[in-house]
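So you can see what is in the structure, the chains are spelled out below.
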Amino acid sequence: MKVQVFLEAGLPPRQVNELGLLAEAYGIDTVYASAFPARRDAFLCLSALAMNSSAVRVGVVPLSPYEIHPLRLADMLQTLNEMSHGRASLVVGGMGQSIMRATGLKPDRRVRAVRECVEILRAAATGEPINYQGEIYSAMNYQANWVHPTAPQVLVGANGPMMLRMAAEIADGVMLSDVALGKLPEVLGSIDQGLAKAGRSRTAQAFPIANFFAWHIKESEVASYAEARRELVWRGVLQKWYTEPFLGIEEAEFVEAHFDAFLQAFYQRSATIEGVPEETIQALVDNLTFAGGLDAIPTVVAHLREFAAAGLDAITLKIHDDPEQAIRIIGEHLIPQLRA
């Protein structure tokens, strides 16, 4: 299983470069920069790392065609890919709540919009002239004859069945988000339907499947659990689709109804989640995050091996406070044990 890291949004380019080179030294597969409103631009923040590294992939996640026209996204992606000598990745999504709140945009026909965006991005990467007329987007009289011969990787960020089936038909791979082990059969079933329709196979080479998952492992178990609890509100935004497999329907509905308590904990940078039982909080941490001290890593390794056996090809670890320490723990403890 490949190990990737997902940096907090908006880290300065110099820090992204330093963290990325550290990740490369440990054999981490990809460094993702987050595209988020009112943060430094993810493509620009990766530019120094793209030029200074030699093996690690550099990726941006997530961007949607509602934010940036696919033609402009193609230029941005191809430029990063040229700078990194063919090691760029982009995760295309249907637009998240953060962008909708900031822009007031209301995405319509998300699956069709993402499909057309991916088709334009992949066509642009050939360097050949394209005249693409979709139902939503067009790219006419377009030719980027300077593109790197190794095309960038274009993935789709998806959990829902329609987006997963579409991604499996046309994209280079998919990135899931916060999908617990019990949900993988359902998710992979949708992917397999799309792959079968396109005559493609589900292999790590032909169609890699990654899962975005929160990483909180620290030398201090207390600090780890405090961070994990503080960030729980973002774990599938606590929707019952994500939590029902391990909480049950009643408790999952209770968590949804108490979303504001989790949100307040995040805003207040607090580990205290008012009105929610401790056993419920612990179940969420145990099933939707990797948390604990260094002695928890063998349990994480076992979990990742179950993910791999179920069909996952890569784990994309979202790191939070003290990213240098997080990368060192991943590189010095997780990866050696995972490879053993």
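Residues numbered from 1 in each chain as written. Predicted model: local features only at pLDDT ≥ 70, side-chain atom pairs only at ≥ 80, totals over all residues. Heavy atoms only, no water.

Visitor: What is the right way to read the overall build of the protein from this model?
Guide: Each helix and strand in the protein was counted, giving 14 helices and 11 strands. Relative to its length of 340 residues, the protein is compact, with a C-alpha radius of gyration of 20 Å against a globular reference of 20 Å. Taken along its principal axes, the extent of the C-alpha atoms in the protein is 60 × 40 × 40 Å. Here the protein, with 340 residues, has 55% of them falling under the buried criterion. (Helix = DSSP H or I, 4+ residues; strand = E, 2+ residues; numbered from the N terminus. Rg over C-alpha atoms; globule rule 2.2 N^0.38 Å. Buried < 20%, exposed > 50% of the residue type's maximum accessible area, 1.4 Å probe, protein only.)

Visitor: How should I be thinking about empty space enclosed by the protein in this particular structure?
Guide: Enumeration according to the criterion identifies 1 cavity of 30 Å³ or more in this entry. Its boundaries defined by the atoms lining it, the largest cavity holds a volume of some 50 Å³. What lines the largest cavity is simply Leu7, Glu8, Ala9, Gly10, Leu11, Val16, Ala33, Ser34, Arg40, Ala42 and Cys45. Listing elements by their share of the lining of the largest cavity, those giving two or more residues are β2 (30–34) and α2 (42–52). Across the lining of the largest cavity, the residue classes break down as 7 nonpolar, 2 polar and 2 charged. (1 Å grid on protein atoms, 1.4 Å probe; cavity = no way out; pocket = protein on both sides within 12 Å on 5 of 7 lines; lining within 4 Å. Points joined across faces, edges and corners; volume = space filled by probe spheres on them. Nonpolar A, V, L, I, M, F, W, Y, C, P; charged D, E, K, R; others polar.)

Visitor: Any chance you could explain the packing of aromatic side chains here in plain terms?
Guide: Within a pair of aromatic rings, the relevant descriptors are the distance that separates the centres and the angle that separates the planes. On inspection of all chains with the given rule, the structure shows 7 aromatic pairs. Measuring from ring centre to ring centre gives 4.9 Å for Phe6 and Phe212, while their planes differ by 85 degrees; the resulting arrangement is edge-to-face. Here Phe212 lies in strand β9 (residues 209–215) and Phe6 lies in strand β1 (residues 2–6), a separation of 206 residues in the sequence. Centroid distance Trp241 to Tyr242: 4.9 Å. Interplanar angle 80 degrees. Geometry classified as edge-to-face. Relative accessible area serves as the criterion here: at 24%, Trp241 is assigned to the partly exposed category. Judged by relative accessible area, which is 12%, Tyr242 ranks as buried. (Phe/Tyr/Trp six-rings, centres within 6.5 Å; stacked < 30°, edge-to-face > 60°.)

Visitor: Please explain unusual backbone geometry as it appears in this structure.
Guide: Peptide bonds are, in most cases, trans, and in most cases residues other than glycine have a negative phi. Cis geometry marks the peptide bond from Val61 to Pro62; its omega dihedral reads -20 degrees. Locating Pro62 in the fold gives a position in strand β3 (residues 57–63). A positive phi angle, close to 50 degrees, is found at Asn141, a residue other than glycine. Phi is positive for Asp322, close to 50 degrees, though the residue is something other than glycine. Within the secondary structure, Asp322 is located in the loop between β11 (314–318) and α14 (323–339). Relative accessible area serves as the criterion here: at 45%, Asp322 is assigned to the partly exposed category.

Visitor: What is the right way to read the side chain of His148 from this model?
Guide: By the secondary structure assignment, His148 is in the loop between β6 (138–142) and β7 (153–157). Take His148: its relative accessible area is 17%, and that puts it in the buried class. At 3.0 Å, the side chain of His148 and the backbone nitrogen of Thr150 are in polar contact. In contact with His148, not counting residues within four places along its chain, are Asn81, Glu82, His85 and Gly86. (Polar contact = N/O pair within 3.5 Å; in protein donor to acceptor, adjacent residues only side chain to side chain. Contact = heavy atoms within 4.5 Å.)

Visitor: I would appreciate a short explanation of the side chain of Ser47 in the present structure.
Guide: Along the chain, Ser47 turns up in helix α2. On the basis of relative accessibility, which here comes to 19%, the residue Ser47 falls in the buried class. Only 2.7 Å separates the side chain of Ser47 from the backbone oxygen of Leu44, close enough to count as a polar contact.

Visitor: What exactly am I supposed to notice about the packing of helix α9 (residues 240–247) against helix α10 (residues 249–257) here?
Guide: If you want to describe how two helices pack, look at the angle between their axes and the distance between the axes. Two elements in contact, α9 and α10, have axes whose closest approach is 7 Å; the angle formed by their N-to-C orientations is 140 degrees. Between α9 and α10, the angle is such that the two are oblique. In this structure, the crossing between α9 and α10 has a hand that is right-handed. Along the contact surface, α9 presents Lys240, Thr243, Glu244 and Leu247, while α10 presents Ile249, Glu251, Ala252, Glu253, Val255 and Glu256. Looking at the contact of α9 with α10, its residues break down into 4 nonpolar, 1 polar and 5 charged. (Axes fitted to C-alpha atoms, helices over the stretch in contact; angles between N-to-C directions. Parallel < 35°, antiparallel > 145°, perpendicular 65-115°, else oblique. Left-handed = near helix turned anticlockwise from the far one by under 90°.)

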